[in-house]
Structures are given as structure tokens and as C-alpha cells.
Amino acid sequence: MWSIANKFSSRIAGKKSPALLVSVFLLGAGGLIATADNADRIVPPFQIFADPDGAFATLNLGGPADTTTNPFFQDLGSNGRRCVTCHQPSDAWSVTPPHVQARFAASNGTDPIFRPVDGANCPSVDVSKLQERREAYSLLLSRGLIRVGIAVPANADYQVISVYNRYGCNATDVISMYRRPLPTTNLPFLSAVMFDGRESSPATGTNKIVYNNYPTSLLSDLAHQSLDATVGHAQGDGTRPTPEEQQQIVDFETKLFTAQIHDRSAGNLYDDGAKGGPTAMSTQAFFITIKSSVHFLLPGFEQPGGLVTPGDGRFTSNIFNLYDTWALNTEDDQSAARSSIAHGEQLFNTLQIPISGVAGINDDVAAGGLVKGGIPMLQGTCGTCHDTPSVGNHSFPTPLNIGTADPSPVNRSVNLGGLDVSYLPEITVCRKDAGTGLPTNDCKTITDLGQALIDGRFDHVGKIKGPILRGLAGRAPYFHNGSASTLMEAVNFYDTRFNLHLSDKDKNDLAAFLRTL
């Protein structure tokens, strides 16, 4: 497998035959690196895996990585877990339900990913028998969700009034959140570590990542995260990873770049002038606030801003230009598929979105919004929240609540975009009176407290960072809570949430573009 992948890596610039590409897909489709039995392998400089929409590739700029000596692949805790247990090369460095289910079947639910501490819906459940394990790990099996238990900050300006959790974790002092493992690839583009930013926060002894401390803070935050993850997920004692091992893990992770490289309908994503795949992305310029989505409105908010160089004042809504050479070409089925992708990219860059009700954008600056008094409606695009060029996360640490965790007021089993959230807990929190410390009638019910569980601010309830978009097709389901099973469901969420009234063609084209990232 590795020799073929390496040959492909050396020939990709020359665009060799699809037959070679297909052979790599077939060899790469089943690779899982999770247990001691198959950890004696090399992660090559270029690796390809099949996914439901074609194939993605990982470029490893660190060169061949020996998993027998690299701590990312080693047992550093007490329960058999390793970093790779929840960050699989074959799942775009996350985990996916089909592969989790395969690991359950192969091990009768004893693979290291199945540990009550956070793999189970609630850690107190019985996992002594096969059927009990199947029920205990149902969210991991169906949605790829890991339980994250976080204590309410002592200085929180809110009180957790009630928790309804069908799985039994109803405590109001330590709250159970259910989230997807973020991919450990494309990390040099991060502006915050973890969905709630907890590994880039003074609350955990880490640093907010800003222009003046990047990449030093990013690297130190990632090192801190590797230790916290081992202590928590692998139930370590805090002695490992050592500082040297933390450095090895960060060095490995930050040299991985993953992106879709082949589409079943459109073919190779680097043909005919296209710039898909991880190679071009690995040389993408980046600094904190690059192509900042709000800098042109609020120059003092996200400093320094800029497009080519910091502070140059050059901005555009064109976040992606991977497939512009594929536009208006419909001679055959493949060409039509490429034209659809190009149109989806254009929609991503230019579709006008009336953004309202989004905490972090529309609310008052005192609550974490953009301006004093708030902005009831901001006319934006997809790039307003996904502005990093060719990557698609936010280039500045700005957590937002777009409604993925908010139950709909008319149907509490779905969120504000119409996606099923009935499998998640309902958590009701109320703001405290500043004078008495007692809960007021200013309350919210939500399925994930987000940033508020880190900094203790009621105004930050439900705020979550937007993840990097590259490599999406290899790591379904989507959103932090796995509520979108497919990319089309993700597109439908935005269509419903922001009343876009997209045509079926526009939806299909947007989904087609997203699957090629």
C-alpha cells in the first residue's frame, strides 16, 4: 500500500492515469490504525483512503512516521486509548460511524474506543454484556459522538436549573456534552483549539490565539491539549505525554494536510486547472485575521486583517478558488459534475445570507457581538463565518451560535435548522441576578452550553467555533453534535435557518462543492 501511495505522490503533478489512483483507493479503503496489533506501520508521506464520495488524501510533510515510536500512536494512559483511537487516518483523522461500528463488531465492543469514561452515553452504565455495550455506546456507534463532561465554572453568571438526559447523566454541576472528535490535520490554520475553545483560554491555563502570538500560542495550546486528552480520554496520570512527547505529537499533527482528491462524478480534483487535494493547501498563506470577514466593517475588531499581507486592506468574499476553471463546461456527465462543483463554489463565495439571531455577530458587543447595540441583521456570505482562504474556518477566534444546538421553539426534537437533536440532552440555564446571585427569568434551553461552560458567561451559551472545512467527505456526520448526517443535510440546515429559499439545483451544487473540499 505504502509504495503505491508514494509512487502516486511523486506523480500527482504529472496527473497520471486514473487506474493508478483507483488501485490506491482500493488498498487504502480499509486501513484502520487503532490497536497494538496493527500499530507497527508507517504513515507515509502521501496516503489515500476511499470515502463515500470518492477519496481523500493526507500529505505528511514530516516524512514517514513510525507508529511504533511516535507517541501519537502509543498507549500513554491506563485504558488502552491512544490519540489515534479517535483520530483515524482512514476517517480524515476523526472517526466515522461506519468504521466505529466495524470496530465494535470486530471486538464485540471492547476496542479501546469503547470505554465508559467518555465513549459511553453515561459512564455509570453497565457494559458487562454485548447488548448492554451496544446500548451504552449508541451515540458513538450512530453519530460518532464522544461524551465531554465539564464542570460549571465556579464564577458562572448563570445557574443550571435542570438537565434532561435520557441516558442518565442529569447532574447540574458537571454537564455532559456530546461532540464529534475534531480532526488532527490541517492544524496550522486553527484560530482556536477544541469546539468550545477551551484549549485556547485562560480558564485552562492556555492562551487565546491572536495575530501577535501566532503560531507560538497555537503550538503550546496543542501541546497542552495532548496532555489533557491523555489524562481525560485515556485516563492517564498526568506524567505522559512528557514535554518531549507532547512536542513529538504536535510536530506530527501540524505537518498533516488532508483534503478530498477524487470525486466519483467529477474525477480527479486537480485536473484541468483545478486545485483540489492537500498539496496546494499545504502552501496556503495564513495569519490570524487573514481575509477577516468583518474587518472592513469594524477595523478595530479583528486586527490586523488583510489578504496578502497583514493590514493591507485587501478583502474579497471569494474564500475558495479551487474550481473556477471548471465553470460552464457541460459536454458530458463528468464535465456537468465539474460545472456543478464550480457553481457550488461560486455560491459559497457570493450567495447573500441575511444573518440574524447569531450570538457573536448580531448581539451587543458587551455580550460578545460586533458593535454596541448589536446588528439586527448583517448581510453576509458563507465566508462571513468561514473566511480562511482555501480552508474555510474562521481566521479569528470568534465562536458563534448559529442554532445547531438550539431546539426549535415549535418542535423541540429538531434544531433551528430542522435537524434532529432528539438524541441530545436538554439543558436549561438562567442568568443570575448580579446583586443577589439568584437565578432570574432570563433563561435558555439548549443541547450544548458551548463556550459558556468554559468562561462562565450566560451570553456565551451555545457558542461553538466553526471547524476547518477541508476533508469533509471523509468524516461525516457534521456539526459539533453530528446532527447533519450528510452534506446535503448541512446545506438544508443553512437554507432553513436563514430562510435562503435555495433551489434544488443550488442545494445540489453547494453540496457537490463541499464534498470536494
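Keep in mind that what you see is a predicted model, and the values were worked out from it rather than measured.

## A word on helix α11 (residues 487-497)
Listed in full, the buried residues belonging to α11 are Leu 487, Ala 490, Val 491, Phe 493, Asp 495 and Arg 497. Contacts from the buried residues of α11 go to α12 (504-515). In the segment just after α11, Asn 499 is the residue with positive phi, at about 50 degrees.

## Considerations on the packing of aromatic side chains
Remark: the centre distance and the inter-plane angle together describe each pair of aromatic rings, the angle taken between the planes. Tallied over the entire structure, the rule returns 23 aromatic pairs. For the pair Phe 114 and Tyr 137, a centre-to-centre distance of 5.3 Å together with 55 degrees between the ring planes defines the contact as tilted. Of the two residues, Phe 114 is situated in the loop between α3 (97-107) and α4 (130-136) and Tyr 137 in the loop between α4 and α5 (138-143); the sequence distance between them amounts to 23 residues. The two residues Phe 114 and Tyr 137 agree in class, both being buried. Three or more aromatic residues joined by ring pairs form one cluster here, namely Phe 320, Tyr 323, Trp 326, Phe 348 and Phe 513.

## Digging into the confidence of the model for the protein chain
Mean pLDDT over the protein chain: 92, with 92% of residues reaching 70 or higher. Contacts from residues 1-39, a stretch scored under 50 in pLDDT, to residues over four places away or in other chains number 80 contacts.

## Observations concerning the packing of helix α9 (residues 333-350) against α12
For any two helices packed against each other, the geometry comes down to the angle between their axes and how far apart the axes lie. Between α9 and α12, whose axes approach to 7 Å, the crossing angle comes to 95 degrees. Our classification of the angle between α9 and α12 gives roughly perpendicular. In this structure, α9 uses Ser 340, Ile 341, His 343, Gly 344, Glu 345, Leu 347 and Phe 348 to contact α12, whose residues at the interface are Lys 505, Asp 506, Asn 508, Asp 509, Leu 510, Ala 512, Phe 513 and Leu 514.

## Regarding the sheet that holds strand β8 (residues 256-263)
With respect to topology, four strands assemble into an open sheet ordered β2-β3-β8-β9, the strand pairing being antiparallel. On the outer flanks of this sheet lie β2 (46-51) and β9 (267-268), each paired with one strand and no other.

## Observations regarding the layout of surface pockets
Taken as a whole, the largest pocket encloses approximately 560 Å³ of empty space. Forming the walls of the largest pocket are 31 residues, and the residues nearest its centre are Lys 208, Pro 397, Thr 398, Pro 399 and Gln 451. Its residues assigned to classes, the lining of the largest pocket shows 12 nonpolar, 13 polar and six charged.

## Looking at the side chain of Asn 186
Along the chain, Asn 186 falls in the loop between β7 (174-179) and α6 (216-232). We classify Asn 186 as buried; its relative accessible area is 1%. Setting aside its immediate chain neighbours within four residues, Asn 186 contacts Leu 256, Phe 257, Thr 258, Met 281, Ile 468 and Arg 470.

Reading the values: rules and limits
Residues numbered from 1 in each chain as written. Predicted model: local features only at pLDDT ≥ 70, side-chain atom pairs only at ≥ 80, totals over all residues. Heavy atoms only, no water. Buried < 20%, exposed > 50% of the residue type's maximum accessible area, 1.4 Å probe, protein only. Helix = DSSP H or I, 4+ residues; strand = E, 2+ residues; numbered from the N terminus. Contact = heavy atoms within 4.5 Å. Phe/Tyr/Trp six-rings, centres within 6.5 Å; stacked < 30°, edge-to-face > 60°. pLDDT = per-residue confidence, 0-100. Axes fitted to C-alpha atoms, helices over the stretch in contact; angles between N-to-C directions. Parallel < 35°, antiparallel > 145°, perpendicular 65-115°, else oblique. Pairing = 2+ DSSP bridges. 1 Å grid on protein atoms, 1.4 Å probe; cavity = no way out; pocket = protein on both sides within 12 Å on 5 of 7 lines; lining within 4 Å. Points joined across faces, edges and corners; volume = space filled by probe spheres on them. Nonpolar A, V, L, I, M, F, W, Y, C, P; charged D, E, K, R; others polar.

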